[in-house]
Amino acid sequence: MESKYALTDKSSLRLSGTYMFPVKRKLQNTGFENDGAKIAKIECNFKNNNRTDCSTLTQNKETQNHIQKPLFIKLSPKIQIEEQRQALPVARVRKSLMQEVYKSDTLLIMGETGSGKTTQIPQFLLAGGYGNKGVIAITQPRRVAAITVSRRVAQEQHCQLGELVGYTVRFEDCTSPKTRIRFMTDGFLLREALADRMLRNYSVIMLDEAHERTVSTDVLFGVVKEAQQERRLRSLTPLKLIITSATMDIDHFGEYFGVRGMYLEGRTHPVRVMHTLAPQTDYLHAALVTLFDIHRNTPVNYDCNLVSLFGVRVFPLYAQLAQNKQLECFLPAPANARKIVLATNIAETSVTIPGIRCVIDAGYVKRRIYTPSTGLDVLRAVRISQAQAWQRCGRAGRDAPGVCYRTYTQQEMNAFEKMPKPEILRSNICSTVLQLFALGIDCRNFDFLDRPSPEAIEIAYRKLESLGAIRNASDTPELTPLGRQMAQLPLDPQYSKLLLSAPQFGCMEEMLHLVAVLSGENIFVTSNEKREQAALAHAKFHSKHGDHLTLLNVFSAFQKIEKVKLWCHDNFLNTRNLLYAREVRKQLLEIVERLHLQINSCGENYDQVRKCLLTGLFDNIAELQRDHFYMTVTGRQRAKIHPSSIFHGKHRPEYIIYTEVVLTERNFLRQVTEILPEWVAEVVPNFIHLSRIKNTC
Ligand SMILES: Nc1ncnc2c1ncn2[C@@H]1O[C@H](COP(=O)(O)OP(=O)(O)OP(=O)(O)O)[C@@H](O)[C@H]1O
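For clarity, every value in this text was computed on a predicted model and none was experimentally measured. (Residues numbered from 1 in each chain as written. Predicted model: local features only at pLDDT ≥ 70, side-chain atom pairs only at ≥ 80, totals over all residues.)

(A) Geometry of the packing of helix H20 (residues 508–519) against helix H22 (residues 547–559). It is at 9 Å that the axes of H20 and H22 come closest, and there the two elements cross at 100°. Put simply, H20 runs roughly perpendicular to H22. Here H20 contributes Glu510, His513, Leu514 and Val517 to the contact with H22, which in turn contributes His548, Leu551, Leu552, Phe555 and Ser556. Considered class by class, the residues forming the contact of H20 with H22 number five nonpolar, three polar and one charged. (Axes fitted to C-alpha atoms, helices over the stretch in contact; angles between N-to-C directions. Helix = DSSP H or I, 4+ residues; strand = E, 2+ residues; numbered from the N terminus. Parallel < 35°, antiparallel > 145°, perpendicular 65-115°, else oblique. Contact = placed C-beta atoms within 7 Å. Nonpolar A, V, L, I, M, F, W, Y, C, P; charged D, E, K, R; others polar.)

(B) Focus on the domain arrangement of the chain. One can read the domain layout of the chain as domain 1 (83–264), domain 2 (271–300 + 310–415), domain 3 (501–592) and domain 4 (618–695). Distance from the C-alpha centre of domain 2 to the C-alpha centre of domain 4: 37 Å. (Domains from an automatic or database assignment.)

(C) Region of the structure containing the site of the ligand. Every one of the 21 residues lining the ligand counts as a neighbour, but Gly114, Thr118, Thr119, Thr352 and Arg398 are closest to it. Put simply, the parts of the chain that give the shell around the ligand at least two residues each are helix H6 (117–127) and helix H7 (143–156). Considered class by class, the residues forming the shell around the ligand number four nonpolar, 13 polar and four charged. The residue makeup of the shell around the ligand includes at least three contributed by each of domain 1 (83–264) and domain 2 (271–300 + 310–415). (Near = placed C-beta within 6 Å.)

(D) Geometry of the environment of Ile81. Locating Ile81 in the fold gives a position in helix H3 (residues 78–87). On a C-alpha basis, the gap between Ile81 and His538 in space is 49 Å, while along the polypeptide they are 457 residues apart.

(E) Up close: the sheet that holds strand E8 (residues 172–174). One open sheet holds the eight strands; their spatial order is E8-E7-E9-E6-E10-E11-E5-E12, and the pairing between them is mixed. The open sheet has two edge strands with one neighbour each: E8 and strand E12 (261–264). Pairs of neighbouring strands in the sheet enclose a mean axial angle of 20°, with direction left out of account. Across three bridges, strand E7 (residues 165–169) lies against E8 in antiparallel orientation. Within the sheet, the bridge partner assigned to Thr168 lies in E8 and is Asp173. Along the sheet, H6 contacts strand E5 (106–111), strand E6 (135–140), strand E9 (181–185), strand E10 (202–207) and strand E11 (240–245); its crossing angle with E6, the most-contacted strand, is approximately 170°. Across the sheet, H7 lies against E6, E7 and E9, angled at about 170° from E7, the strand it touches most. (Pairing = 2+ DSSP bridges.)

(F) Molecular detail of the environment of Asp492. Tracing the backbone shows Asp492 in the loop between helix H18 (481–488) and helix H19 (493–505). Residue classification places Asp492 among the partly exposed positions, given that 18 C-beta atoms sit within 10 Å. C-alpha of Asp492 to C-alpha of Ser519: the two residues are 27 residues apart in sequence and 9.3 Å apart in space. (Buried ≥ 20, exposed ≤ 12 C-beta atoms within 10 Å, placed from the backbone.)

(G) Spatial organisation of the UniProt feature "domain: Helicase ATP-binding" (unreviewed entry) in the chain. Under the feature "domain: Helicase ATP-binding" (unreviewed entry), the UniProt entry names residues 98–266. Secondary structure content for residues 98–266 is 40% helix and 24% strand, and the end C-alpha separation is 18 Å. (UniProt positions renumbered as here; feature names shortened; annotations may be inferred.)

(H) Spotlight on the nonpolar core. Grouped together as the largest cluster of nonpolar side chains are 169 residues, with contacts concentrated most on Ile205, Val433, Leu499, Met511 and Val515. Here Val515 is in contact with Leu491, Tyr495, Leu498, Leu499 and Leu588, once residues within four sequence places are set aside. (Core = buried A, V, L, I, M, F, W, Y, C linked by C-beta atoms within 7 Å.)

(I) Inspection of the pairing of strand E13 (residues 271–276) at higher detail. Summarising burial for E13: six of the six residues are buried, a large majority. What you see with E13 is no split at all: Val271, Val273 and His275 on one side and Arg272, Met274 and Thr276 on the other are buried throughout.

(J) Fine view of the pairing of strand E25 (residues 655–663). Bridging between strand E22 (residues 621–624) and E25 involves three bridges; their strand directions are antiparallel. Counted as the bridge partner of Glu623 is Tyr655 from E25. The pairing of E25 with strand E26 (residues 667–674) spans seven bridges and is antiparallel. Note that in E26 the partner of Ile656 across the bridge is Glu674. Between E25 and E26, which pair antiparallel and follow one another directly, the connecting turn spans three residues.

Quick look at the structure:
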């Protein structure tokens, strides 16, 4: 088989002060299409589909310079770091920036990727005395960004992480009373607001990567705006709000906050942008061809281990990966190896991965999309927005000039939406609505930057009412005492409900175990080479009732083990993820103790656990059909049991309860447990689809 693949060198991405501001106009007029740039060509010959044997990447000399083996930077001594800081574009505007901060309570700042917004502005604020009036908070949509950026800032401040500079993410706090600059996830700051709506602990709040429009950041826009007003009214220390991004829709934000945006000119290093000449049908294929072409003449295949035989080190980077593994790619690679990071969009914004010169952007993102009519929350690979394309491009050019290879054409990119659709407009907002209630806000009256549809709000209200978190949903909704307790738990409301119902089923110990495991990543290790051995090891923990009790068996056994590493290794279990679950369990236990809930155990009477699961997951019941498919009771969706389930290919129970629906080529129900239909009426008598279940009495 032979196929051709060509790239056009469009233009250098040397951004001027007029490039991004305001975003809407400039993104349309970058003019890359007609700039008469030289053409670079790649031709690849795929023999036996093994995707090797790529010919020379390009004739373009300038580009070739960038695709040489990257230089790897040693950890900088003090002076070098100081020099790097001084060379950043924000350093040049430090004075005027600080003058703006003194003058205005709210600032919208746009500056190129890598210009120094995230790492430098908090340090300017610290030097400007804002650390004396409270803590300087910087939110990030992702944990990995909060952790790595805080590390860098601690290094620049020459302090231990957790002292002057620290970070807090869910279930992990690396700060101390000395901390003045605190990086955190946006979700964490929102929880802080539950304890104090005026956020009195903070003098400045910087909401970074605002263009991402995560649900938490969107809610924080309104919450922080309100906190500012309240503090002003009560003559408390003013709260400064700084909103930053390289690619936000500044007109829209400006209107909402009633302020003008500021644009920081200049970027650190140029990034040359390349587009494919023709659309590619297989984005993975196109990305791999480009990758292998960059790493010319090296015979490789998909296997990470094999690739590492040929002078490269491959680092995967995705959210489900254990945290220590995620952080490995941030270390300098050995000098004699090329570093390749295979990343999802968790590396799209904020992060600086040392040594990265080239970015290959496949133009897709896996996005969680909620369909209110079916109640399904599914992950789908969809096109990115133009803003995301620029963010990805900006992961190069941070410590040297770079190249961004886009495996899509300029015409295709023109058709991408300008900005990602705000998450709040495309996801299940149950948890957000509950948090707003806990803040005393009925979200129908909340000042959203973009308001969710009345239908989505209505569905969330009904769900919360069915969980018992609010009452009078259709009239004057109010939070119930149970809802108030639910909001205290850093969990999805349906999982909070499981913990809060556990005492009445006598299974709090078991639910703490289970919810902790469900809050983390996969605890099972699957091995291609030792598939049978792994399956045998896992079979020891199987419960005939299903996957939830199997997870419980694993975690209960793990809790009794001292030499966890060896035990996990022998049993093909992921030590990190189990240790993480242990930590989560500990923190959940602290909260349920604070709520004075009874910590009881049902021993071997696992029916109690299964019944308790119904109290939170009643919308996730499915019924076996004659054709061996399942039909979900609430959303009426056809689905199969996921291949990872212990029921896969075996006995199919008539009624099951599942954790989630995963959509690949078809709907799969993941983590499945058998239930008896008569339990439904007993445990959730008000379940609105009760009549769809046979033998309910
Ligand atoms: N961990 C690190 N190691 C080496 N250099 C770093 C590191 N973190 C940041 N830098 C340097 O500091 C610069 C500024 O990074 P910073 O994250 O502050 O930029 P930014 O404007 O917030 O970018 P973005 O919009 O992409 O988040 C980078 O371009 C890089 O040169």
